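What follows is the residue order along each chain.
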Amino acid sequence: ETGVTQTPRHLVMGMTNKKSLKCEQHLGHNAMYWYKQSAKKPLELMFVYNFKEQTENNSVPSRFSPECPNSSHLFLHLHTLQPEDSALYLCASSQGVISGGNSEAFFGQGTRLTVV
Amino acid sequence: AQKVTQAQTEISVVEKEDVTLDCVYETRDTTYYLFWYKQPPSGELVFLIRRNSFDEQNEISGRYSWNFQKSTSSFNFTITASQVVDSAVYFCALSEAQRNWGKFQFGAGTQVVVTP
């Protein structure tokens, strides 16, 4: 496999459930990201990891808990979500700073989450 | 304050027409990077182009062309002779090298609908 892979592609969960989203990148990148895409809203940056260290938490509620065990894997643990958390969750990776610049990010296909 | 503005919510064209997508950005950094992404119905954001703030040369890639105007803080994207496969949401994004390193800030997106 190549690129950025997200699983599952679709997830329906109740408000009391606990589930996890998984992201894996095969590009040798050092930075990984979680974005939330809701209907009619711009993409919202949630978390950034550089070399497995979290460098950004964009005021995300604690019911979303990220985990980055290594540079290739990123998880988003979900618990006691609300219906308004229903959205497309996109994972991305990038090389980070290269030659003094920010490289482009490559995205997975996303997980379509529905909270009922 | 929104850093990337895509004023056009939706553009509908007939196949073979040209379509131009506007992107206006705001930053105080002297070094920054601009990107365009395409999001087809499958959900994955596909990287199209990266441009740094010191390179104002316009670029052409097949039917795609980009016009970077630092004086007006714009980075517009034109699809020439549009095709049905161009139907997608297109996002403009900004990455600042100093103040918000590592964050990709996206515009709201422009939905392009190409009909046969």
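Our subject is the structure that appears above.
Here's a quick rundown of the structure. (Residues numbered from 1 in each chain as written. Chains lettered and ligands numbered in written order. Predicted model: local features only at pLDDT ≥ 70, side-chain atom pairs only at ≥ 80, totals over all residues. Heavy atoms only, no water.)

## Some remarks on the nonpolar core
Side chains that are nonpolar tend, in soluble globular proteins, to be buried together.
1) Next: Grouped together as the largest cluster of nonpolar side chains are 23 residues, with contacts concentrated most on Leu-21, Leu-34, Trp-36, Trp-66, Phe-75, Phe-77 and Tyr-90 of chain B.
2) Next: Sorting the residues of this core by element identifies strand S2 (10-14), strand S3 (19-21), strand S5 (32-39), strand S8 (64-69), strand S9 (74-79), strand S10 (88-96) and strand S12 (110-115) of chain B as the ones contributing at least two each.
3) Next: Counting 22 residues, the second-largest nonpolar core is a separate cluster that includes Met-46, Cys-68, Cys-91 and Leu-113 of chain A. (Core = buried A, V, L, I, M, F, W, Y, C linked by side-chain atoms within 4.5 Å. Buried < 20%, exposed > 50% of the residue type's maximum accessible area, 1.4 Å probe, protein only. Helix = DSSP H or I, 4+ residues; strand = E, 2+ residues; numbered from the N terminus.)

## Considering the state of the cysteines
1) Next: Following the criterion strictly, the structure yields 2 disulfides over all chains and no others.
2) Next: The disulfide that involves Cys-23 of chain B links it to Cys-92 of chain B, with 2.0 Å between the sulfurs. Here Cys-23 of chain B and Cys-92 of chain B share a disulfide; its torsion about the S-S bond, -65 degrees, makes the bridge left-handed. Placement of Cys-23 of chain B in the loop between S3 and strand S4 (24-25) and of Cys-92 of chain B in strand S10 is noted, with a sequence separation of 69 residues between them. Each member of the pair, Cys-23 of chain B as well as Cys-92 of chain B, is classed as buried.
3) Next: Its sulfur unpaired, Cys-68 of chain A is 9.0 Å from the next cysteine sulfur, which belongs to Cys-91 of chain A.
4) Next: Classification of Cys-68 of chain A by relative accessible area gives buried; the value is 12%. (Disulfide = S-S within 2.5 Å.)

## Comments concerning the environment of Met-13 of chain A
1) Next: Mapped onto the fold, Met-13 of chain A is located in strand S2 (residues 10-13).
2) Next: In this view, Met-13 of chain A contacts Lys-18, Lys-19, Leu-78, Leu-81, Leu-113, Thr-114, Val-115 and Val-116 of chain A; residues no more than four positions away in its chain are not counted. (Contact = heavy atoms within 4.5 Å.)

## Some remarks on the interface of chain B and chain A
1) Next: Each partner contributes residues to the interface: chain B has 21 residues there, and chain A has 24 residues.
2) Next: Here chain B meets chain A over a buried area of about 1900 Å², counting both sides, of which 57% is carbon and sulfur.
3) Next: Viewed at the interface, chain A and chain B are joined by 0 salt bridges.
4) Next: Between the two partners, chain B and chain A, sit 4 residue pairs in polar contact (both at pLDDT 80 or more).
5) Next: Elements with a minimum of two residues in the side of chain B that touches chain A: S5, strand S6 (46-52) and S10 of chain B.
6) Next: Of the residues assigned to the side of chain B that touches chain A, the class counts are 11 nonpolar, 6 polar and 4 charged. (Buried area = accessible area lost by both parts, 1.4 Å probe. Salt bridge = Lys/Arg side-chain N within 4 Å of Asp/Glu carboxyl O. Polar contact = N/O pair within 3.5 Å; in protein donor to acceptor, adjacent residues only side chain to side chain. Nonpolar A, V, L, I, M, F, W, Y, C, P; charged D, E, K, R; others polar.)

## Looking at the sheet that holds strand S8 (residues 73-79) of chain A
Paired through backbone hydrogen bonds, the strands of a sheet run either parallel or antiparallel to each other.
All names here are of chain A.
1) Next: Ordered in space as S1-S3-S8-S7, the 4 strands form an open sheet in which the pairing is antiparallel. In this open sheet, the two strands that pair with only one neighbour each are strand S1 (4-7) and strand S7 (64-70). Pairs of neighbouring strands in the sheet enclose a mean axial angle of 20 degrees, with direction left out of account.
2) Next: Both S7 and S8 contribute to a ladder of 5 bridges, which runs antiparallel. Counted as the bridge partner of Pro-66 is Leu-76 from S8. (Pairing = 2+ DSSP bridges. Axes fitted to C-alpha atoms, helices over the stretch in contact; angles between N-to-C directions.)

## So, the side chain of Asp-85 of chain A
Residue and element names in this part refer to chain A.
1) Next: For Asp-85, the position within the fold is in the loop between S8 and strand S9 (87-94).
2) Next: Here the side chain of Asp-85 touches Arg-63 through a polar contact of 2.7 Å, side chain to side chain.
3) Next: Apart from residues lying up to four places away in sequence, Asp-85 is in contact with Lys-36, Arg-63, Phe-64, Leu-113 and Val-115.

## So, the packing of aromatic side chains
1) Next: Inspection of the entire model under this criterion finds 21 aromatic pairs over all chains.
2) Next: Ring geometry for Tyr-35 of chain A versus Phe-106 of chain B: centroids 5.5 Å apart, planes at 90 degrees, classification edge-to-face. Pair noted here: Tyr-35 of chain A is in strand S4 (residues 31-37) and Phe-106 of chain B is in strand S11 (residues 105-106), and the two residues belong to different chains.
3) Next: For the ring pair Phe-68 of chain B and Phe-75 of chain B, a centre distance of 5.8 Å and an interplane angle of 80 degrees mean the geometry is edge-to-face. For the pair shown, Phe-68 of chain B and Phe-75 of chain B are each scored as buried.
4) Next: Grouping aromatic residues by their ring pairs yields a cluster made of Tyr-33, Tyr-35, Phe-106 and Phe-107 of chain A together with Phe-35, Tyr-37, Phe-47, Phe-91, Phe-104 and Phe-106 of chain B. (Phe/Tyr/Trp six-rings, centres within 6.5 Å; stacked < 30°, edge-to-face > 60°.)

Remember, this is a structural readout, not a statement about activity or role.
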